[in-house]
Amino acid sequence: MRLLERMRKEWFMIGIVLAIAGAKLEPSIGVNGGPLKPEITVSYIAVATIFFNSGLSLKTEELTSALVHIKLHLFIQIFTLAFFPAAVWLFLQLLSITPINEWLLKGLQTVGCMPPPVSSAVILTKAVGGNEAAAIFNSAFGSFLGIVVTPLLLLLFLGSSSSVPFTSIFSQLFMTVVVPLIIGQVVRRYIKDWLERKQPPFGAVSSSVLLMIIYTTFCDTFSNPSIDLDKFSLLLVLFIICSIQLSFMLLTFIFSTRNNSGFTPADTVAVMFCSTHKSLTLGIPMLKIVFAGHEYLSLISVPLLIYHPVQILLGSVLVPTIKSWMVSRQKGVKLMRPTV
């Protein structure tokens, strides 16, 4: 199962490269008004498909057991949706004086505003042996919060566009995100046994639709001759993203392992991954909605496209180290307990 999951991620990374390369070779196919009609197929049908798929695959019953750990949930959600975007904003004030492309810097801010992913944080927490129930709950709950909080954060830090009214953002989000999620959950109730028996490839479906969204996004970029992305800015953004992830993982580790934190080593693992990972599946569709018609949408999307594979790569590399730490800490706790 783990091998299949790893292969799916590798193919998805290859798919991103092919989607961008295809958009570069023939951008006219995926631009607004082109043969693919992304203004309809992507803005509405593709986005709704992703969230219907999420609602259908989300095991709500697995989340109920984690509900009582309020302190843990508050820490993760406040860090993810409050501290993270605020810290990135302060950091970008310093970077604004550098020659880095300003739209890539805005893209870094959008990364900070994104909710946690439903998959990667859970998968890595499980790989380490951490608190999987807490990871599942916070990833799912954070995604639901993100439907409302992320557009607010984007408008707060980046400003609203006169061409995309505030009310239209939420009405489109409601119709393409909330409604499909609810319908997916309702349908799941009636075909739950069949889903558990057959285990449909939910991940492959979402990844395929997401690749279509990425393709059409970059078709808009390459069809616009005024957009120029320099390699220096791109390399700097990659370095910044790696630095942000490692710094925030260390910060969450320090806070969650304090003597008065009340968190177990297994909780700390969930905190580290859930607090620092950001959702590409939710993020790209939201950017597509909030910045609809924006000529620099694809450049704004680039940092999030980089952040996603980096978080999986860094997390996978750190799994043995974190697992070794957690096991040693758990053994230490058991030895400290008085014998009866």
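From a predicted model like this one, the values you see are computed outputs, not experimental measurements.

(A) Seen up close, the overall build of the protein. The helix and strand tally for the protein stands at 12 helices and zero strands. Across the protein, helices and strands are ordered from the amino to the carboxyl terminus as α-α-α-α-α-α-α-α-α-α-α-α. Scored against the burial criterion, the 340 residues of the protein give a buried share of 48%. When the accessible area of the protein is evaluated, it comes to approximately 16,600 Å², of which 69% is carbon and sulfur surface.

(B) Layout of helix α5 (residues 120–128). Among the residues making up α5, those that are buried are S120, A121, V122, L124, T125 and V128. Once α5 ends, the next one or two residues include G129, with phi positive near 95 degrees.

(C) Representation of the environment of V187. Along the chain, V187 falls in helix α7 (residues 166–198). For V187, a relative accessible area of 29% corresponds to the partly exposed category. With 132 residues separating them in the primary sequence, V187 and G55 have C-alpha atoms 8.6 Å apart. Excluding anything up to four places from it in sequence, V187 contacts F52 and L56.

(D) Looking closely at the packing of helix α6 (residues 132–158) against helix α11 (residues 280–290). Direction vectors running N to C along α6 and α11 enclose 40 degrees, while the axes themselves pass 11 Å from each other. Of the possible angle classes, the one that applies to α6 and α11 is oblique. The element α6 and its partner α11 pack so that their crossing is right-handed. Of α11, the residues touching α6 (which contributes S143, G146, I147, T150, P151 and L154) are L282, M286, L287 and V290. In terms of residue class, the contact of α6 with α11 is built from seven nonpolar, three polar and no charged.

(E) Seen up close, the packing of aromatic side chains. Taken as a whole and judged by the stated rule, the model has eight aromatic pairs. Here F75 and F79 contribute two aromatic rings whose centre-to-centre distance is 6.3 Å and whose plane-to-plane angle is 20 degrees, an arrangement assigned as stacked. Highlighted residues: F75 and F79, both in helix α3 (residues 70–95), separated by four residues, approximately one helical turn. When its relative accessible area of 6% is taken as the criterion, F79 is described as buried.

(F) Examining the environment of L155 more closely. Summarising the element assignment, L155 is placed in helix α6. Note: C-alpha distance between L155 and T110 (45 residues apart in sequence) is 9.9 Å.

(G) Here's a closer look at unusual backbone geometry. Phi at K37 takes a positive value of approximately 50 degrees, unusual for a residue other than glycine. Residue position: K37 is located in the loop between α1 (2–25) and α2 (38–57).

Reading guide: rules and limits
Residues numbered from 1 in each chain as written. Predicted model: local features only at pLDDT ≥ 70, side-chain atom pairs only at ≥ 80, totals over all residues. Heavy atoms only, no water. Helix = DSSP H or I, 4+ residues; strand = E, 2+ residues; numbered from the N terminus. Buried < 20%, exposed > 50% of the residue type's maximum accessible area, 1.4 Å probe, protein only. Areas by Shrake-Rupley, 256 points an atom, 1.4 Å probe, with all protein chains shown as cover. Contact = heavy atoms within 4.5 Å. Axes fitted to C-alpha atoms, helices over the stretch in contact; angles between N-to-C directions. Parallel < 35°, antiparallel > 145°, perpendicular 65-115°, else oblique. Left-handed = near helix turned anticlockwise from the far one by under 90°. Nonpolar A, V, L, I, M, F, W, Y, C, P; charged D, E, K, R; others polar. Phe/Tyr/Trp six-rings, centres within 6.5 Å; stacked < 30°, edge-to-face > 60°.

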